[in-house]
Amino acid sequence: MKKLLALCLAALLLVCPLLSASAEAILRQGDTGDDVALIQARLKELGYLDEEPTGVYDEATASAVTIFQMFNDLLETGMVDGKTREILFSPNAVTADEGANRYVWELEDGAAGTAVYYAQVSATGMPAPAPAAKESGAAWPEWNANEYTYISENGFQSVSTAPLSTFAADVDTASYAQLRSMILAGQRVPADAVRIEEMLNYFNYDYAQPEDDSPFGVTMMLAPCPWNEDTLLLQIGLQARVIKPEDRPRHNLVFLIDVSGSMFGADRLDLVKRAFMLLLDELDPADTVSIVTYASRDEVVLEGVPAADKVRIMEAIEKLEAGGSTNSAAGIQTAYQIAERFAVEGGVNRVIMATDGDFNVGVSSEGDLARLIMEKKEGGVRLTMLGVGYGNYKDNKLEALADYGDGNYYYLDTIFEARKALVTEGGGTFVEVARDVKLQLDFNPARIKGYRLIGYEDRVMAAEDFANDSKDGGEIGSGHRVTALYEIVPVGSKFEMNAPQSRYQQESVQQAAGEWLTLSIRAKKPGHDESDLMTYPLEGEPLEELPEAMRFAAGVAETGMLLRGSEYLGSSSWESALALVRSCPGVTGDAFKEEFVYLLTLLERQQ
């Protein structure tokens, strides 16, 4: 039996990418099946579960998952979502013993000190020292309790064994705003804070506009890869249709604002207050606004007030002050109750939560929060996360909550970013043009022998989930853009794939030899439960030179790979990334692109 289990675990690690690909299937207590058994086997291997795999997601499994999430700095839900699954099967997963060494040690009287770490964080605002530092008398490191989810970078896939690449659309930009804040402050950028897809999606690339009643226009370009002479670069762009102001539906918004003590400061609560003031100016008089705050307890400040009563709403926002601990659970529950009470049929019903993510009270309720958010999104209430602050920022938890709520996630480092997220692109933030958007690329082995998706690690899906409308995709709002880059290995390239070849696929490889690939997109119209299928084949020869949109996107991707220390850097350098973006005439006059050139210049000078 032990030999069989060892073989299963070995095979499990080999199919790790496949398990990651099914990230959208959330497992919870009561579920059964082979997938549950694989989760249990991995938990047992890491020391979190004593029982043999049964294939039944019982209470012991849920408890083991919760402890695993705690030790790996994940949202503690007791459910296996995409992020939990990715970390669980990654080589960087923290074992039960490693986690215990970090958070548990013996006190002088011999009593277990499990809660000491959390008690000291709550009481002093400073983390307790690790056991090694405690024993040696070493000085505490500079306090920084920011949390980011580990990212296992996408590698090259062989078309012979994996001809389909599937992922959910993503329009979040929080990662880029955080990077900007760190770079300007002269701080080191953690590798796992870098989500390349969010960097790419921050910028406008002048993609094709939608035609007829299509929710978005589609652009595909294939050209030489700047950092690898043996590969090509594929850029895919989706440009969402813009809903005119006169056509947008009524808004029912609940401002859920963290006013705990950690939110004190110009870059936290003060910035949040200014951001909501900006949003208020964009609302129609008939829209409704509610305000819920939470610290040691939650408080309903305003309930269902028409946006026409602007002075009353502004006064309520202006009076908010920070103080107390952070009981986010009660605040979210209250906000959703109010959102449902004033729900607008066919309109925008959304909770907008602003916080630094410091959940130091009610942590055990994170699972209830995730379940509540999933339940409410089915009723049409979406969630937008606005993150602020630095030093104890929980990026991983805010991103996870936004994913559970089919919402957006932004990081506000300046009032200018607040204006971009809530005003300039406010229509996309709140008004959906397509739901559960999924992309699937079918690569033609006659022309392509391998590929690598750059970014979107936590959005990768199983190929079988593409046509399954019960599996969540991404939401695209009015005017939003989605950008994806693939590094392509063409047939005949010197690039070594080291992949097995299928005799039967080789015999049929000449079919559709003129096409490189076919892009298929599935998306649901707002209010519909069934998705529509759109297909776009890519034919012709690659461009000889990169057009401007590709040069800028390639420069952004190189920057992300350099910050991450990617193993697929090739010839990438700060100088080459800077040369790519500086060669784009369209940068001049685009404040966001000009700012990126400045940030890249700072990074290049620091080397």
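Note: the structure precedes this text.
Just so it is clear, the model here is predicted, and its values are computed rather than measured.

A. Region of the structure containing the overall build of the protein. Of the regular secondary structure elements, the protein holds 21 helices and 16 strands. Considering only contacts in the protein between residues 6 or more positions apart, those separated by 24 or more positions represent 76%. Accessible area of the protein: about 25,300 Å², with a carbon and sulfur share of 51%.

B. Inspection of the nonpolar core at higher detail. Phe-203, Tyr-205, Trp-227, Leu-233, Phe-552, Phe-596 and Leu-600 are the most contacted members of the largest nonpolar core, which has 46 residues in total. Here this core takes 10 residues from helix 19 (residues 548–564), the largest share from any one element. Dropping the residues within four chain positions of it, Tyr-205 is found in contact with Leu-200, Gln-235, Arg-481, Thr-483, Ala-549, Phe-552 and Ala-553. Ranked by size, the runner-up nonpolar core spans 39 residues in total, among them Val-272, Ala-316, Ile-317 and Val-423.

C. Fine view of empty space enclosed by the protein. What the rule picks out here adds up to 5 cavities of 30 Å³ or more. The space that makes up the largest cavity amounts to roughly 80 Å³. Together, Lys-83, Glu-86, Thr-149, Tyr-150, Ile-151, Arg-195, Glu-197, Glu-399, Glu-457 and Asp-458 line the largest cavity. Across the lining of the largest cavity, the residue classes break down as 2 nonpolar, 1 polar and 7 charged.

D. Broad picture of the packing of aromatic side chains. One pass over the structure, following the stated rule, counts 21 aromatic pairs. Through a chain of ring-to-ring contacts, the aromatic side chains of Tyr-176, Tyr-202, Phe-203, Tyr-205, Tyr-207, Phe-552, Phe-592 and Phe-596 assemble into a single cluster. Directly above the ring of Tyr-202 sits Lys-420, whose terminal nitrogen or CZ lies 3.9 Å from the centroid. Over the face of the ring belonging to Phe-592 we find Lys-420, whose NZ or CZ atom lies 5.2 Å from the ring centre.

E. Focus on the sheet that holds strand 12 (residues 448–454). Ordered by their spatial adjacency, 5 strands build an open sheet running 1-12-14-4-3, and the pairing between neighbours is antiparallel. Each end of this open sheet is capped by a strand with a single partner; those strands are strand 1 (157–158) and strand 3 (216–224). Where strand 1 and strand 12 come together, 2 bridges link them in antiparallel fashion. Pairing of Ser-158 across the sheet is with Gly-450, part of strand 12. The sheet strands contacting helix 19 are strand 3, strand 4 (232–240), strand 12 and strand 14 (481–490), and the helix crosses strand 4 at an angle near 105°.

F. Geometry of the sheet that holds strand 9 (residues 381–387). Within the open sheet, the 6 strands sit side by side as 7-6-5-8-9-10. Their pairing is mixed. Two strands lie at the open edges of the sheet, namely strand 7 (298–306) and strand 10 (409–411), each paired on one side alone. On average, adjacent strands in this sheet sit at an angle of 15° to one another, irrespective of strand direction. In this sheet, strand 8 (residues 348–355) lies alongside strand 5 (residues 251–258) in parallel orientation, the contact comprising 7 bridges. Within the sheet, the bridge partner assigned to Leu-253 lies in strand 8 and is Arg-350. Contacting strand 5, strand 6 (288–294), strand 8 and strand 9, helix 11 (residues 269–282) runs over the sheet at an angle of about 170° to strand 5. Sheet strands in contact with helix 15 (residues 395–404) are strand 8, strand 9 and strand 10, and its direction is about 160° off that of strand 9.

G. Focus on the side chain of Asp-590. Along the chain, Asp-590 falls in the loop between helix 20 (574–582) and helix 21 (591–606). Within the structure, Asp-590 has its side chain in polar contact with the backbone nitrogen of Phe-592 (distance 3.1 Å).

H. A look at unusual backbone geometry. One non-glycine residue, Asp-206, lies in the positive phi region at around 55°. Mapped onto the secondary structure, Asp-206 falls in the loop between helix 10 (196–200) and strand 3. Residue class for Asp-206 comes out exposed when judged on its relative accessible area of 69%.

I. Summary view of helix 11. The terminal C-alpha atoms of helix 11 lie 21 Å apart, and with 14 residues this matches the ideal 20 Å at 1.5 Å per residue to within 8%. The element helix 11 is largely enclosed, with a buried count of 10 among its 14 residues. Considered for burial, the residues of helix 11 that qualify are Leu-269, Leu-271, Val-272, Lys-273, Ala-275, Phe-276, Met-277, Leu-278, Leu-279 and Leu-280.

J. Examining the pattern of salt bridges more closely. Here the structure, examined in full by the defined rule, presents 35 salt bridges. For the salt bridge of Glu-375 with Lys-376, the shortest nitrogen-to-oxygen distance reads 3.9 Å. Where salt bridges share partners, they join Lys-83, Arg-195, Glu-198, Asp-395, Glu-399 and Asp-458 into one cluster.

K. Representation of the pairing of strand 6. For strand 6, the buried fraction is high: 7 of the 7 residues fall into the buried class. Of the two faces of strand 6, the one lined by Thr-288, Ser-290, Val-292 and Tyr-294 and the one lined by Val-289, Ile-291 and Thr-293 are each fully buried. In the sheet, strand 5 pairs with strand 6 via 7 bridges, with the strands oriented parallel. Across the sheet, the residue bridging to Phe-255 is Ile-291, located in strand 6. On the question of chirality, the crossover connecting strand 5 to the parallel strand 6 by way of helix 11 is right-handed. Linking strand 6 to strand 7, which pair antiparallel, is a turn of 3 residues.

L. Seen up close, the packing of helix 11 against helix 16 (residues 415–424). Where helix 11 meets helix 16, the closest approach of the two axes is 9 Å, and the angle between their N-to-C directions is 35°. Crossing geometry of helix 11 relative to helix 16 is assigned as right-handed. Residues Leu-271, Arg-274, Ala-275, Leu-278, Leu-279 and Glu-282 of helix 11 touch helix 16, and the partners they reach there are Ile-415, Ala-418, Arg-419, Leu-422 and Val-423. Across the contact of helix 11 with helix 16, the residue classes break down as 8 nonpolar, no polar and 3 charged.

M. The side chain of Lys-420, seen in detail. Mapped onto the fold, Lys-420 is located in helix 16. Lys-420 gets classed as buried once you look at its relative accessible area, which sits at 3%.

N. Inspection of the pairing of strand 13 (residues 474–477) at higher detail. Of the two faces of strand 13, the one carrying Gly-474 and Ile-476 and the one carrying Glu-475 and Gly-477 are both buried. Pairing between strand 11 (residues 432–443) and strand 13: 3 bridges, direction antiparallel. Paired with Glu-432 across the bridge in strand 13 is Gly-477.

O. Broad picture of the environment of Pro-285. Within the secondary structure, Pro-285 sits in the loop between helix 11 and strand 6. Taking the relative accessible area as the measure of exposure, Pro-285 reaches 57% and is therefore exposed. Between the C-alpha atoms of Pro-285 and Asp-309, which are 24 residues apart in sequence, the distance is 7.8 Å. Contacts of Pro-285, omitting those with residues within four sequence positions, involve Pro-306, Ala-307 and Ala-308.

Conventions adopted
Residues numbered from 1 in each chain as written. Predicted model: local features only at pLDDT ≥ 70, side-chain atom pairs only at ≥ 80, totals over all residues. Heavy atoms only, no water. Helix = DSSP H or I, 4+ residues; strand = E, 2+ residues; numbered from the N terminus. Contact = heavy atoms within 4.5 Å. Areas by Shrake-Rupley, 256 points an atom, 1.4 Å probe, with all protein chains shown as cover. Core = buried A, V, L, I, M, F, W, Y, C linked by side-chain atoms within 4.5 Å. Buried < 20%, exposed > 50% of the residue type's maximum accessible area, 1.4 Å probe, protein only. 1 Å grid on protein atoms, 1.4 Å probe; cavity = no way out; pocket = protein on both sides within 12 Å on 5 of 7 lines; lining within 4 Å. Points joined across faces, edges and corners; volume = space filled by probe spheres on them. Nonpolar A, V, L, I, M, F, W, Y, C, P; charged D, E, K, R; others polar. Phe/Tyr/Trp six-rings, centres within 6.5 Å; stacked < 30°, edge-to-face > 60°. Lys NZ or Arg CZ within 6 Å of the ring centre and 35° of its normal. Pairing = 2+ DSSP bridges. Axes fitted to C-alpha atoms, helices over the stretch in contact; angles between N-to-C directions. Polar contact = N/O pair within 3.5 Å; in protein donor to acceptor, adjacent residues only side chain to side chain. Expected span 1.5 Å × (residues − 1). Salt bridge = Lys/Arg side-chain N within 4 Å of Asp/Glu carboxyl O. Right-handed = clockwise from strand over helix to strand, strands pointing away. Left-handed = near helix turned anticlockwise from the far one by under 90°.

Worth remembering: the numbers are spatial, not functional.
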